[in-house]
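# Structural characterization, general
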Amino acid sequence: MSSRPKRPVDRRLLAALAEYPVMASLVGVAMADRFTTTSTPLGILASVPLGDLAATVQRTAAAGKIVFVNMDSTPGLGHDPGALTYLKGIGAVAICSTRAAIIERASGLGLLAMQKVFVTDRSNLHRSVQSISRSQPDLVQFMPAVVLRYMEQQARELGVPYLAAGFVQDEADVVEALQHGAAGVCTSDQELWELRRSALRAS
């Protein structure tokens, strides 16, 4: 398999993950506000009511963060082209979803896009790989993190930077994901958010 992205990976993402391999999973407004006070450059925003979404997106952007709005976990937000237009209009620069069609549309609007993939078995993995090849996201998030040890070769062959999520609880989990080729991890554990890659190398 020789799938490669149709466009270069955004340099901001590569630079951020090169220094900070942990992407913060932000559940709700309070956690998003806490995130703006950290040095962590990347986050995923979920479970923010639609009425609070614009202000929350704008606060994180003002703090210099790149935040992916999880379209599957934002109450009141649909999955149609209008939802993407709305997100771009309120200042969102990135989205994530399990839906390949959303990923493709987001890229067409100039939004960064991360495709979430839940791997449950080998057949599911095969379908997911095919979907990623079509949608060409900027990043892929594989869940749960433990699956990387069983699918490292397929993940590397995608030609898209990937992250591990789900049950990332300590530094050892971060190190294991990186050893299996991940560009980083996603976690809501705030104690891990500001880990630097250089510190992990030294450990």
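Structure's up top.
What this report covers is the structure whose coordinates are included nearby. Only a predicted model underlies this, so the values are computations on that prediction, with no experimental measurement involved.

## Overview of the pairing of strand S3 (residues 66-70)
- Along S3, 5 of the 5 residues are buried, which leaves the element largely enclosed by surrounding structure.
- Of the two faces of S3, both are covered, the one formed by Ile66, Phe68 and Asn70 as well as the one formed by Val67 and Val69.
- Bridge analysis of strand S2 (residues 42-46) against S3 gives 4 bridges, and the strand direction is parallel. Looking at the pairing, Ile44 lines up with Phe68 of S3.
- Read as a crossover between parallel neighbours, the route from S2 over helix H3 (residues 50-62) to S3 is right-handed.
- Where S3 and strand S4 (residues 94-97) come together, 3 bridges link them in parallel fashion. Its bridge partner being in S4, Phe68 is matched across the sheet by Ala94.
- The parallel pair S3 and S4 is bridged by helix H4 (residues 81-89), and the resulting crossover is right-handed.

## A word on the packing of aromatic side chains
- Following the criterion strictly, the structure yields 2 aromatic pairs and no others.
- Considering the side-chain rings of Phe35 and Trp193, the 6.1 Å spacing of their centres and the 90° angle between planes classify their relative orientation as edge-to-face. On the criterion of sequence distance, the pair formed by Phe35 in helix H2 (residues 29-35) and Trp193 in the loop between strand S8 (184-187) and helix H9 (197-202) is long-range, its members being 158 residues apart.
- For Phe35, a relative accessible area of 0% puts it in the buried group.
- Measuring from centroid to centroid gives 5.8 Å for Phe142 and Tyr162, while their planes differ by 70°, and the two rings are edge-to-face. Note that Phe142 is positioned in strand S6 (residues 139-143) and Tyr162 in strand S7 (residues 162-165), a separation of 20 residues in sequence. The same class applies to Phe142 and to Tyr162, which are both buried.
- Positioned above the aromatic ring of Phe35, the side-chain terminus of Lys65 is 5.2 Å from the ring centre.

## Points about the pattern of salt bridges
- Per the stated rule, a full pass over the model turns up 5 salt bridges.
- Two residues, Asp33 and Arg59, come together in a salt bridge whose shortest N-O distance is 2.9 Å. With Asp33 in helix H2 and Arg59 in helix H3, the pair connects residues that are 26 residues apart, well separated along the chain.
- For Arg59, a relative accessible area of 36% gives the class partly exposed.
- For the salt bridge of Arg156 with Glu152, the shortest nitrogen-to-oxygen distance reads 2.8 Å. Linking Arg156 with Glu152, this pair stays in helix H7 (residues 148-157), spanning 4 residues, or about one helical turn.

## Comments concerning the nonpolar core
- Ranked by internal contacts, the top residues of the largest apolar core, which has 50 residues, are Leu26, Leu45, Leu53, Met71, Leu87, Ile95 and Phe142.
- Every residue in contact with Leu87, bar those within four places of it in the chain, is listed here: Leu53, Val69, Met71, Leu77, Ala92 and Ile95.

## A word on the pairing of S2
- The element S2 is largely enclosed, with a buried count of 5 among its 5 residues.
- Judged by which residues are buried, S2 turns out to be covered on both faces: Leu42, Ile44 and Ala46 on one side and Gly43 and Leu45 on the other are all buried.
- Across 4 bridges, the pairing between strand S1 (residues 22-27) and S2 is parallel. Looking at the pairing, Val27 lines up with Ala46 of S2.

## Focus: the environment of Gly28
- Within the secondary structure layout, Gly28 lies in the loop between S1 and H2.
- Judged by its relative accessible area of 12%, Gly28 falls in the buried class.
- Each C-alpha atom, one on Gly28 and one on Lys88, is 20 Å from the other, the two residues being 60 residues apart in sequence.
- Once you skip the residues sitting within four places of it in the chain, Gly28 turns out to touch Ala46, Ser47 and Val48.

Cut-offs applied
- Residues numbered from 1 in each chain as written.
- Predicted model: local features only at pLDDT ≥ 70, side-chain atom pairs only at ≥ 80, totals over all residues.
- Heavy atoms only, no water.
- Buried < 20%, exposed > 50% of the residue type's maximum accessible area, 1.4 Å probe, protein only.
- Helix = DSSP H or I, 4+ residues; strand = E, 2+ residues; numbered from the N terminus.
- Pairing = 2+ DSSP bridges.
- Right-handed = clockwise from strand over helix to strand, strands pointing away.
- Phe/Tyr/Trp six-rings, centres within 6.5 Å; stacked < 30°, edge-to-face > 60°.
- Lys NZ or Arg CZ within 6 Å of the ring centre and 35° of its normal.
- Salt bridge = Lys/Arg side-chain N within 4 Å of Asp/Glu carboxyl O.
- Core = buried A, V, L, I, M, F, W, Y, C linked by side-chain atoms within 4.5 Å.
- Contact = heavy atoms within 4.5 Å.

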